[in-house]
Amino acid sequence: MALEITDANFEELVLKSDKPVLVDFWAEWCGPCRMVGPVVEEIAKEYDGQAVVGKVNVDNNPGISMKFGIRNIPALLYFKNGEIVDKQIGAVPKSVLADKLKKQLA
């Protein structure tokens, strides 16, 4: 299951992770976010142990959202060694999200 990432645990779970990290920035009121949500959960299960997959509710965690300039959601950021290495804005098929994560595992 995707982790709940907050302003408080972001550094520990994302920036200090020794694995690639996929972070889904979303909100309850966002229709496309609700489409991407189940896909992110599937990816979290499939890559359990290989990568960290988490979700940030932008309404509850404005600090992280501002820090990374999140203006459109869903916004999916890929981190490796504490740095953003890729991103995807908007709803896309699962294969697009999974392929970007696979590149970080290689």
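Scroll up to find the structure.
Now for a description of the structure that goes with this document. As the structure is a computational prediction, the values presented were derived from the model and not from experiment. (Residues numbered from 1 in each chain as written. Predicted model: local features only at pLDDT ≥ 70, side-chain atom pairs only at ≥ 80, totals over all residues. Heavy atoms only, no water.)

### Remarks on the pattern of salt bridges
Under the definition given, this model contains six salt bridges. Here Lys 16 ties to Glu 11 by a salt bridge, and the two come within 3.7 Å at their closest N and O atoms. Salt-bridge contacts for Lys 100 lead to Asp 86; the nearest nitrogen and oxygen are separated by 3.1 Å. Placement of the pair is Lys 100 in helix α4 (residues 94-105) and Asp 86 in strand β5 (residues 83-89), with a sequence separation of 14 residues. This pair shows no difference in class: Lys 100 is buried, exactly as Asp 86 is. By sharing partners, the salt bridges in this structure join Glu 42, Glu 46 and Lys 94 into a single network. (Salt bridge = Lys/Arg side-chain N within 4 Å of Asp/Glu carboxyl O. Helix = DSSP H or I, 4+ residues; strand = E, 2+ residues; numbered from the N terminus. Buried < 20%, exposed > 50% of the residue type's maximum accessible area, 1.4 Å probe, protein only.)

### Quick look at the state of the cysteines
The tally for this structure, following the rule as stated, stands at one disulfide. Sulfur-sulfur distance for the disulfide between Cys 30 and Cys 33 comes to 2.3 Å. Since a negative S-S torsion denotes a left-handed disulfide, the Cys 30-Cys 33 link at about 80° is right-handed. For the pair formed by Cys 30 and Cys 33, the shared burial category is buried. (Disulfide = S-S within 2.5 Å.)

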